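Residue-level structure breakdown
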Amino acid sequence: MTHTMPALVLNGPGDVQVTEKPIPTPGPGEVVLAVEATTICGTDLRIISGEKTAGVRPGVTLGHEIAGRIASLGEGVEGLVVGQQATISIVVSCGTCRACLAGREHLCNHCELVGYGLDGGLAPWLCVPAQAVSRGNIIPVATEIPATRLALAEPLSCVLNGHRRHGGVNPGETVVIIGGGAIGLLHTALNLACGAGRVILCEKHADRRDRAAAMGAVTTCPEHLSEVVTEHTGGYGAELVIVAIGRNELTEESLNLAAPGGRVSWFAGFPKGSTTTITPNTVHYQELTISGGSNASRADVHRAVDMLGRGNIDETPIVTHTFGLSQWTEAVDAVRGHVGVKIAIDPRR
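Model, not experiment: these values are computed from the prediction.

**Some thoughts on unusual backbone geometry**
- A positive phi angle, close to 55 degrees, is found at Glu287, a residue other than glycine.
- With respect to the element layout, Glu287 can be found in the loop between helix H10 (280-286) and strand S15 (289-292).
- The exposure class of Glu287 is exposed, given its relative accessible area of 62%.
- In the Ramachandran plot, Asn295 falls in the positive-phi region, its phi being about 65 degrees despite a non-glycine side chain.

**A few points about empty space enclosed by the protein**
- Per the stated rule, a full pass over the model turns up 1 cavity of 30 Å³ or more.
- Considering only enclosed or pocket space, the largest cavity measures out at about 40 Å³ in volume.
- The wall of the largest cavity is formed by Ile88, Ser89, Ile90, Val91, Glu154, Ser157, Asn295, Ala296 and Val301.
- Here the lining of the largest cavity is composed, by residue class, of 5 nonpolar, 3 polar and 1 charged.

**Some words on the UniProt feature "domain: Alcohol dehydrogenase-like C-terminal" (unreviewed entry) in the protein chain**
- Using the residue numbers shown here, the UniProt feature "domain: Alcohol dehydrogenase-like C-terminal" (unreviewed entry) corresponds to residues 182-308.
- What you have in residues 182-308 is 46% helix and 21% strand, and the ends, taken at the C-alpha atoms, are 15 Å apart.

**What to know about the pattern of salt bridges**
- Tallied over the full model, the rule gives 15 salt bridges.
- Put simply, Glu315 and Arg149 hold a salt bridge, and the shortest N to O gap is 2.7 Å. Residue Glu315 is located in the loop between helix H11 (298-310) and strand S16 (319-324), and its partner Arg149 is located in helix H4 (residues 147-150); the two are separated by 166 residues in the primary sequence. For the pair Glu315 and Arg149, one class covers both residues: buried.
- The structure contains a network of salt bridges with shared partners spanning Lys21, Arg57 and Asp119.

**Considering the UniProt feature "domain: Alcohol dehydrogenase-like N-terminal" (unreviewed entry) in the protein chain**
- Those residues carrying the UniProt feature "domain: Alcohol dehydrogenase-like N-terminal" (unreviewed entry) are residues 27-133 in this numbering.
- For the annotated span residues 27-133, helix accounts for 15% and strand for 28% of the residues, and the straight-line distance between the end C-alpha atoms is 12 Å.

**Comments concerning the packing of helix H5 (residues 153-165) against H11**
- Following both chains from N to C, one finds H5 and H11 inclined at 115 degrees, their axes separated by 8 Å at the closest point. In terms of orientation, H5 and H11 fall into the roughly perpendicular class. Taken as a pair, H5 and H11 cross one another with a handedness that is right-handed. In this structure, H5 contributes Ala153, Leu156, Ser157, Leu160, Asn161 and Arg164 to the contact, and H11 contributes Asp300, Val301, Arg303, Ala304, Val305, Met307 and Leu308.
- In the contact of H5 with H11, the residues fall into 8 nonpolar, 2 polar and 3 charged.

**A few points about the environment of Asp207**
- Examined against the element boundaries, Asp207 turns out to sit in helix H7 (residues 206-215).
- Residue class for Asp207 comes out partly exposed when judged on its relative accessible area of 37%.
- Each C-alpha atom of the pair Asp207 and Gly340 lies 7.6 Å from the other, and the pair is 133 residues apart in sequence.

**Considerations on the pairing of strand S10 (residues 174-178)**
- Of all 5 residues making up S10, 5 are buried, and the element is well covered by its neighbours.
- Read as a crossover between parallel neighbours, the route from S10 over helix H6 (residues 182-193) to strand S11 (residues 198-202) is right-handed.

**Notes on helix H9 (residues 249-257)**
- When H9 is considered as a whole, its buried residues turn out to be Leu250, Thr251, Ser254, Leu255 and Leu257. Projected down its long axis, H9 carries its buried residues within an arc of 160 degrees, all on one side.
- In the core, the buried residues of H9 are packed alongside S10, helix H8 (225-233), strand S13 (238-243), strand S14 (258-266), H10 and S15.

**Side note on the sheet that holds S11**
- Ordered by their spatial adjacency, 6 strands build an open sheet running S12-S11-S10-S13-S14-S15, and the pairing between neighbours is parallel. Both edges of this open sheet fall to strand S12 (218-220) and S15, since each of them pairs with a single strand only. Adjacent strand axes in the sheet meet at a mean angle of 20 degrees, parallel and antiparallel pairs treated alike.
- Strands in contact with H6 are S10, S11 and S13; relative to S11, the strand with the most contacts, it is inclined by about 170 degrees.

**A short note on the pairing of S11**
- Summarising burial for S11: 4 of the 5 residues are buried, a large majority.
- Of the pairings in the sheet, the one linking S10 to S11 comprises 5 bridges and is parallel in character. In the strand pairing of S11, Ile178 is matched with Cys202.
- Inspection of the sheet shows S11 paired to S12 by 3 bridges, in the parallel sense. Pairing of Leu201 across the sheet is with Thr219, part of S12.
- Between S11 and its parallel partner S12, the chain crosses via H7, and the hand of that crossover is right-handed.

Scoring rules and cut-offs
- Residue indices follow the written sequence of each chain, beginning from 1 at its first position.
- Residues qualify for local features only when their pLDDT is at least 70, as the model is predicted, and side-chain atom pairs are given and counted only at 80 or more; totals for whole chains, interfaces and linings, by contrast, use all residues.
- Heavy atoms from the whole structure form the basis of all side-chain values; hydrogens and water molecules are not counted.
- Helical segments are the DSSP runs of H or I of at least four residues, strand segments are the runs of E of at least two, and each set is numbered from the N terminus.
- The rule is simple: take the accessible area with a 1.4 Å probe, protein chains only, and divide by the maximum for that residue type; under 20% is buried, over 50% is exposed, in between is partly exposed.
- With a 1 Å grid laid over protein atoms only, a set of points is called a cavity when a 1.4 Å probe fits there but cannot get out and a pocket when it is open yet has protein on both sides within 12 Å along at least five of seven lines; lining residues have an atom within 4 Å of a point.
- Grid points are joined across faces, edges and corners, and a volume is the space filled by probe spheres set on the points.
- Just so you know the grouping, Ala, Val, Leu, Ile, Met, Phe, Trp, Tyr, Cys and Pro go in nonpolar, Asp, Glu, Lys and Arg go in charged, and all remaining residues, Gly too, go in polar.
- UniProt positions are given in the numbering used here, feature names are shortened, and annotations may be inferred rather than shown by experiment.
- One speaks of a salt bridge when a side-chain nitrogen belonging to Lys or Arg is within 4 Å of a carboxyl oxygen belonging to Asp or Glu.
- An axis is simply a line fitted to the C-alpha atoms; with a helix, the fit covers only the stretch in contact. Between two such axes, the angle follows the N-to-C directions and lies from 0 to 180 degrees.
- If an angle is under 35 degrees, it is roughly parallel; if it is over 145, roughly antiparallel; if it lies from 65 to 115, roughly perpendicular; otherwise it is oblique.
- By convention, the crossing between two helices is left-handed when the near helix turns anticlockwise from the far helix through less than a right angle, and right-handed when the turn is clockwise.
- By the convention used here, residues are in contact when the closest approach between their heavy atoms is within 4.5 Å.
- Assignment of crossover handedness uses the view with strands pointing away from the viewer, where a clockwise path from the first strand over the helix to the second indicates a right-handed crossover.
- By arc we mean the arc of the directions from the helix axis to the C-beta atoms, nothing more.
- Note on pairing: two strands pair once DSSP finds at least 2 bridges between them.

Below, the structure is given as structure tokens:
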């Protein structure tokens, strides 16, 4: 009987490989999840390339967009049942700092993140630490759903947090989304479900534009974005503009696309240390509100799981390819090469 499992491990910046690790058994207060799907995001690419090092521990198993089921419970764990399908809220916060006490646990300065500092889901099994278990970070699913849909709970929870930060969308409003990757498509689905009058999605890849159009969005390529917004709003602009690509020049463009009194969400992370130039009078005279959105709370993950469980969000236009763990380099190349949209890895394969 084998006692080890393959895991995609970060040895150091830019040094990642599949390594054998012991199959975990839960200690007191811990829970082991059997992982059924883990999807890949842009942050994973930055960790793998060595571009992102903050909060990342050498030796960690990567992967934070996780779907699985409860495999075993440690002594003292209550309220969870072996065999339940579940995901995990990846932010393990301290619970006592000012950010946590203010309801912003995802901005906790002392938090650790699953797949960054704590072992993640790019392995067949994941041991969830007792602190995370006791704080309710394991979130079971009421009704079974496809693992590739459940894996979207993490990115969808971040989208829900950003949605709350910019004040949501009112019925009939025009929303512009710059970027048609998985995050842009999740924003599209959410805003249409919330009653947006129209969503205009800007994306350079035709396949992603087609997927957004099938969801109900008006689509355009970057070269024509301004004129398309002008055409559809009579020159008024969009009440909500969401930047879902971390490119500095989009900060100024997003302000120019907004309607008077509009909201602008700089949702994407921008390159570390980068700066940008904006025209502050655009914000002043147009009375714009700018917000950011970073990560998500446990409450956001609960809401995401509920929406996915009810079928409010369809994963099929978003999760387009699934690879085995032994094919992780092909999976990463697919993400880098914009093949499909969201790429999943089944670590059992």
